[in-house]
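The residues making up each chain are set out below.
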Amino acid sequence: MRPMLSGLLLLLLPVTLPAAETLRANLQPVSSRVRSGAPVWATVEMDWNGTSLLEGRLQIEIANGNQILSRWESADMAFANGKQQFRVLLPAWRAVTDGRLLEARMRFVTKRGVIELNSQPLPTGGDYGERVAVIAICDPLGGRVAGPGLEHSLRLEQYAVREDGRSGGWATGYARLTPEEMPAQALVYCAFDVVYLRAGTLAQLRDRQLAALRQWVRGGGSQLVALDGPAMSEEQTAWLTEL
């Protein structure tokens, strides 16, 4: 029992990297706001400037002051010199509606010990602490088509305006994606309230993406599909018919 306990204590010790070696991390939610009470799909960028291969596991905690709201840990990872990007799905936490900024705390755990990484603010709720609904918009330009689109009609706050001009308890966030960026796992879509496929998008989605969308919709997800655009294949037509 003692050797096991000693090994655990050693694992928790901080690692002092050589002065010339640094590991930095940046976490950015894919959507402009975080959906209330839902998993958070985020992009993580790791920047390692060491000369050797760095192996370990990334840990992320979402904290509200001294209270830990959510924890996530990766599988074993390895980083060579330079920047690497990947996406993670962080577990949901209890909604915070007081408008305060939460904190994402990150560390990298190696066999030698723990490398404490930078912490960064993570906004939650709307400007006045409203609950947030998130719309995922997908088109070949990453949801950045000029001019107002159908997604603006889905903003809940415009239908519940209070006398003081505030949104009546709701705010809307957007995740703007290209077809290549669309998730291939149904669970990731739980970060969104609605998925809107603009014209020409459906024909560009792969089978795994379509299967994940089908599973999410059948589980209660909401989806809008614009059919103007390139002709769909028989498989895509059948997929749409099955929804």
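Keep in mind it's a predicted model, so treat the numbers as computed, not measured.

About the criteria used
Residues numbered from 1 in each chain as written. Predicted model: local features only at pLDDT ≥ 70, side-chain atom pairs only at ≥ 80, totals over all residues. Heavy atoms only, no water. Helix = DSSP H or I, 4+ residues; strand = E, 2+ residues; numbered from the N terminus. Buried < 20%, exposed > 50% of the residue type's maximum accessible area, 1.4 Å probe, protein only. Contact = heavy atoms within 4.5 Å. Areas by Shrake-Rupley, 256 points an atom, 1.4 Å probe, with all protein chains shown as cover. Pairing = 2+ DSSP bridges. Axes fitted to C-alpha atoms, helices over the stretch in contact; angles between N-to-C directions. Core = buried A, V, L, I, M, F, W, Y, C linked by side-chain atoms within 4.5 Å. Phe/Tyr/Trp six-rings, centres within 6.5 Å; stacked < 30°, edge-to-face > 60°. Lys NZ or Arg CZ within 6 Å of the ring centre and 35° of its normal.

**Describing the overall build of the protein**
Looking only at helices and strands, the protein features 3 helices and 13 strands. The 243 residues of the protein split such that 44% are buried. Partitioning the contacts of the protein with sequence separation of at least 6, the portion at a separation of at least 24 is 69%. Approximately 13400 Å² of the protein is accessible, and the part contributed by carbon and sulfur atoms is 52%.

**Quick look at the pairing of strand E4 (residues 67-73)**
Relative to E4, strand E3 (residues 54-64) runs antiparallel, the two being bridged by 6 bridges. Of the residues in E4, the one forming a bridge with Gln-59 is Glu-73. Hairpin connection from E3 to E4: 2 residues lie between these consecutive antiparallel strands, with Gly-65 at a positive phi of about 70°.

**Topic: the sheet that holds strand E10 (residues 131-138)**
In spatial order, the strands read E11-E10-E12-E13; together these 4 strands make up an open sheet with parallel pairing. The sheet terminates laterally at strand E11 (170-177) and strand E13 (222-225), the two strands that pair on one side only. Averaged over all pairs of adjacent strands, the angle between their axes in this sheet comes to 20°, without regard to strand direction. Bridge analysis of E10 against strand E12 (residues 194-197) gives 4 bridges, and the strand direction is parallel.

**As for the sheet that holds strand E6 (residues 82-90)**
The 3 strands lie next to each other as E1-E2-E6, forming an open sheet whose pairing is antiparallel. Among the strands making up the open sheet, the edge pair consists of strand E1 (23-29) and E6. Between one strand axis and the next, the sheet turns through 20° on average, direction left out of account. With 9 bridges connecting them, strand E2 (residues 40-48) and E6 associate as antiparallel partners. Bridge pairing links Thr-43 to Arg-87 in E6.

**Comments concerning the nonpolar core**
Membership of the largest hydrophobic core comes to 28 residues, with the highest contact counts inside it found for Met-46, Leu-58, Ile-60, Phe-108 and Leu-117. Listing elements by their share of this core, those giving two or more residues are E1, E2, E3, E4, strand E5 (77-79), E6 and strand E7 (101-109). The element contributing the most residues to this core is E2, with 5 residues. Not counting residues up to four positions away in its chain, the partners in contact with Leu-58 are Val-44, Met-46, Trp-72, Glu-73, Ser-74, Met-77, Phe-86, Arg-107, Phe-108 and Leu-117. Val-30, Leu-205, Leu-213 and Trp-239 belong to the second-largest nonpolar core, a separate cluster that totals 24 residues.

**Examining the packing of aromatic side chains**
Applying the stated criterion across every chain yields a total of 5 aromatic pairs. Pairing Trp-41 with Phe-192 gives two aromatic rings, centres 6.2 Å apart and planes at 75°, and the pair type is edge-to-face. Residue Trp-41 is located in strand E2, and its partner Phe-192 is located in the loop between E11 and E12; the two are separated by 151 residues in the primary sequence. The pair Trp-41 / Phe-192 is uniform in exposure class, with both members buried. Grouping aromatic residues by their ring pairs yields a cluster made of Trp-41, Tyr-189, Phe-192 and Trp-216. For Arg-87, the ring lying beneath its charged end belongs to Trp-41, and the centroid distance is 4.8 Å. Taking NZ or CZ as reference, Arg-176 lies 4.9 Å from the ring centre of Tyr-174, over its face.

No statement about biological role is implied by the geometric values presented.
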